[in-house]
Amino acid sequence: MIMIILTPLVWCQNVPIVFTGQSLSPYNGENVQFAQTLYVVDRAIYSTASYLYLSYERLRLPEDAAVEGTPEYDSIVARNATASITARCTDIDVLGVRLGATITNLNATVTGQHNIRIDGLRDFDNNERPTQRPDMGNARLVVCGANLEYYCPEWEGTYGAGSDEEFALEHLKTVKALANIDADVFALTELQQGASSLDSLVNSMNRATNPGRYAHVEDYDSVNNTYIKVGFIYQPDKVRPILHLGHPYAPSNNLNVTRYGDHRRLEVQCFEEIATGERFVISMNHFKSKSGGDSTNNYYNSNRVAEANNLIQFLETELNNDYYEDADILILGDLNCGTMEEPIRTLTAAGYENLLAQYSPNEYSYSYSRQVEYLDHALASPSLAAQVTNARPYHLNADESYMLHYDHGDDTTMYRYSDHDPIIVGLNLSSTPNDSCRGLHYFESFAQSFGCFDAVNVTGNNVWYGYANYECAAISGNGVNTDWLVGPTFDLRHKTDAAFRFTHTIGYGDENAWRGCCKLLISKDFSGDLAAATWAQLTIPNMPSSWWNWQENEIAIPASYLGQPAVTLAFLYEVQNGDNPTWEIKNVGFTATCDTVQSGVQEIPTVPETFRAWGSDGRIVVESENPADITVFDLTGRQVFYQQKIENLNININNSGIYFVRCGNVTKKVFVY
């Protein structure tokens, strides 16, 4: 007789666990269920297996959330070190899973301390691909700051595409992304130097949208090499660029700073909104990267801090000059540091407000080593911050697989055109019309940078460069050389008089040939193309009487240029074989005064011209027809001089800049250089 004993079947149950960073070793070999939501923080493919990296939260790089060296920073470092699980996937297309996607109640097999195996397919939620830029609220203007990684293939040794086919794919993805963003102004970095990068983008964007919809700001970039630059693209029916680009870099005795274009990583451009006439300034920046650095130099932190300080000083100088005629400044760019690192703290300490910390503090623009951070930033001056409607990243790149990049496949979407997400800022500028005429008081010493001047090399090997030893702009001839140092463009409408001042010296060469080599030119139709503009030569009254003899010059702007909306001055250096003078220039100033009655402007009651006031080299001079109380104030309103019942004044001023002179009941603005 056979007896059959039936025993109940025991089904293997997944052990429920909650992962908070602890070791999974106690569950080694067991099937577990994570009773929580896990986030995809990274992915990888090797020849033998595919992996997803999962965590209980999106991990943020410590320097984006805390100051290095603080207990909070150390705590984030320690927590992030154990906060992820490596999941080997047998059937999941890991490259198709966007970072930030989530999975809830995941069943898996534990294979090690922080390792699991996922068998079969799984569905992931959240972090769907965006198709429209973030909502900018009631913005009238939209500005986009973006790192493009856009390197044209026509020069050897570039960092980008390795073939025409790769570049065509990169170009297609980039143009699709920019057209989708549809900003009124694009401030772009990691552009290949030379004219082709901006030209090719604008031409293709216009073909993809409407003819003439986009244009780029002329940057006089004639240097084709492997360096990268920043640049501006804009919609001409919404804004127009005004005044010159500025390059806030420190001068160098090495003329390669200009020749190879290091300074083109930082540029400043003023724009005017066509609908309102309101102006705002964009500073686009690409600070020194951490690549190649190590803890001994803190990954080039000092370089980035220096760049931040140079930028602050540059902007303060131009604001004091009242060159932009508006204090609205937007700082954008790939600053190669986290939110809490020293360069960002330097900018905020100077009064610039961190827009991303205000509008989207939990977002990011870059993913690195399973962690996210803001490498790309947006900061605003207090006056502009009040006119910002929103500031957010647009997650087109950081969460996407690198296999979508042009050099890994044939994806033709706009996603992963770069490894940085673009930053979008909405602006609703004050539309209060300002019809008042403003006097011009511009000054550039060349001690710290070329300011709003641009060096343009036409022929020859030598170029204008910043000469730190003598705090000036300098150039030396060698064979045939033609080089321009193009100054700012000034609006002389409603101006009754204007004057240009500079100090210069010349050495070497034939003194009789100096006037033929060293020229000052003026134009009223220059718009970026030197050859297309009409230039007239102005006589330089004081040429040096001998080598290295500094001479001051003051030149009245001819009457035919007064009333013109765009007047540009430029220094032109032309030498032939045998002529090799060195020309050095510093302390350039430009002043212009207003009409008392302006066409189209409400008449201003006239005030009898009872006194004259002007600034010179470190002095303020006043001449009054009658004895009067004379007071001098600086820009902060601080009184620096007062005396009663005097007719003439000639005082020393320690610091250059704008000052206000009150004589009786009338006040005038003067510039001291």
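Note that this is a predicted model, so its numbers are computed, not measured. (Residues numbered from 1 in each chain as written. Predicted model: local features only at pLDDT ≥ 70, side-chain atom pairs only at ≥ 80, totals over all residues. Heavy atoms only, no water.)

(A) Representation of the overall build of the protein within the structure. Tallying secondary structure elements over the protein gives 9 helices and 37 strands in all. Taking the average place of the 44 positive charges on the side chains of the protein and the average place of its 82 negative ones, the gap between the two points comes to 3 Å. (Helix = DSSP H or I, 4+ residues; strand = E, 2+ residues; numbered from the N terminus. Lys, Arg positive; Asp, Glu negative; His and termini not counted. Charge placed at Lys NZ, Arg CZ, Asp CG, Glu CD.)

(B) Fine view of the pattern of salt bridges. Tallied over the entire structure, the rule returns 23 salt bridges. A salt bridge links Asp219 to Lys229; the shortest N-O distance between them is 2.8 Å. A residue pair is termed long-range when its members are at least 10 positions apart, and Asp219 in the loop between strand E10 (215–216) and strand E11 (228–234) and Lys229 in strand E11 qualify at 10 residues. The pair formed by Asp219 and Lys229 is uniform in burial state, with each residue classed as buried. Its salt-bridge partner being Arg392, residue Glu363 comes within 4.0 Å of it at the nearest N-O pair. Taken together, the residues span a long stretch of sequence, with Glu363 in the loop between helix H7 (355–359) and strand E17 (366–368) and Arg392 in strand E20 (residues 388–393) at a distance of 29 residues. When its relative accessible area of 24% is taken as the criterion, Glu363 is described as partly exposed. In this structure Arg392 comes out as partly exposed when scored by relative accessible area, which is 24%. Overlapping salt bridges bring together Asp219, Asp221, Lys229, Arg264 and Glu267 as one network. (Salt bridge = Lys/Arg side-chain N within 4 Å of Asp/Glu carboxyl O. Buried < 20%, exposed > 50% of the residue type's maximum accessible area, 1.4 Å probe, protein only.)

(C) Expanded view of the side chain of Gln235. Examined against the element boundaries, Gln235 turns out to sit in the loop between E11 and strand E12 (239–246). With relative accessibility at 5%, the residue Gln235 sits in the buried group. If near-sequence neighbours (up to four positions away) are discounted, Gln235 is found in contact with Asp182, Ala183, Asp184, Arg213 and Tyr214. (Contact = heavy atoms within 4.5 Å.)

(D) Focus on helix H2 (residues 164–181). The end-to-end C-alpha distance of H2 is 26 Å, a good match for the 26 Å that 18 residues give at a rise of 1.5 Å each. Listing the buried residues of H2 in full gives Phe167, Leu169, Glu170, His171, Lys173, Thr174, Val175, Ala177, Leu178 and Ile181. Check the buried side of H2 and you find it contacts strand E8 (141–150), strand E9 (185–192), helix H3 (196–208) and strand E21 (423–427). (Expected span 1.5 Å × (residues − 1).)

(E) Quick peek at the pairing of E12. Extensive coverage of E12 is indicated by the burial of 6 of its 8 residues. As defined by bridge partners, E12 adjoins strand E13 (residues 266–273) across 5 bridges and the pair is classed as antiparallel. Residue Pro241 lies in a different strand from E13, and its bridge partner there is Phe271. (Pairing = 2+ DSSP bridges.)

(F) Region of the structure containing the sheet that holds strand E16 (residues 353–354). Sheet architecture is open: 6 strands sit in the order E12-E13-E14-E15-E19-E16, paired in mixed fashion. Strands with a single pairing partner mark the edges of an open sheet, and in this sheet they are E12 and E16. The sheet contacts of helix H6 (residues 342–349) involve strand E15 (329–334), E16 and strand E19 (376–380), and relative to E19 the element is tilted by about 10 degrees. (Axes fitted to C-alpha atoms, helices over the stretch in contact; angles between N-to-C directions.)

(G) Focus on a nonpolar patch on the surface. On the surface, a nonpolar cluster with roughly 220 Å² of combined accessible area is contributed by Ile45, Tyr402 and Met403. One can find Tyr402 in the loop between E20 and E21. Assessed through its relative accessible area of 31%, Tyr402 is described here as partly exposed. (Patch = residues over 30% accessible without salt bridge, like charges linked within 9 Å, V, L, I, M, F, W, Y side chains within 5 Å. Areas by Shrake-Rupley, 256 points an atom, 1.4 Å probe, with all protein chains shown as cover.)

(H) Region of interest: the sheet that holds strand E4 (residues 59–60). A sheet is described by the order of its strands in space; here 3 strands give the open sequence E4-E18-E17, paired in mixed fashion. Each edge of the open sheet carries a strand with a single partner, namely E4 and E17. Pairing of E17 with strand E18 (residues 371–373) involves 3 bridges; the strand directions are antiparallel. Across the sheet, the residue bridging to Tyr366 is Glu373, located in E18.

(I) Inspection of the side chain of Thr503 at higher detail. Mapping Thr503 onto the fold places it in strand E27 (residues 495–507). For Thr503, a relative accessible area of 8% puts it in the buried group. Those residues within four positions of Thr503 in sequence are excluded, and the remaining contacts are Trp550, Gln551, Glu552, Glu584, Ile585, Lys586 and Asn587.

(J) The arrangement of the environment of Phe641 in detail. Tracing the backbone shows Phe641 in strand E35 (residues 639–652). With sequence-adjacent residues up to four places away left out, Phe641 is seen in contact with Ile630, Thr631, Val632, Ile646, Leu649 and Ile651.

(K) Geometry of the nonpolar core. Formed by 61 residues in total, the largest nonpolar core has its most connected members in Trp464, Phe571, Trp583 and Phe590. Ile181, Ala183, Phe186 and Leu201 belong to the second-largest nonpolar core, a separate cluster that totals 32 residues. (Core = buried A, V, L, I, M, F, W, Y, C linked by side-chain atoms within 4.5 Å.)

(L) Local environment of the packing of H2 against H3. Their axes nearest at 10 Å, the elements H2 and H3 cross at an angle of 60 degrees. In terms of their interaxial angle, H2 and H3 are classed as oblique. Remark: the crossing between H2 and H3 carries right-handed chirality. Residues His171, Thr174, Val175 and Leu178 of H2 form the contact with H3, whose participating residues are Ser200, Leu201, Ser204, Met205 and Ala208. Across the contact of H2 with H3, the residue classes break down as 5 nonpolar, 4 polar and no charged. (Parallel < 35°, antiparallel > 145°, perpendicular 65-115°, else oblique. Left-handed = near helix turned anticlockwise from the far one by under 90°. Nonpolar A, V, L, I, M, F, W, Y, C, P; charged D, E, K, R; others polar.)

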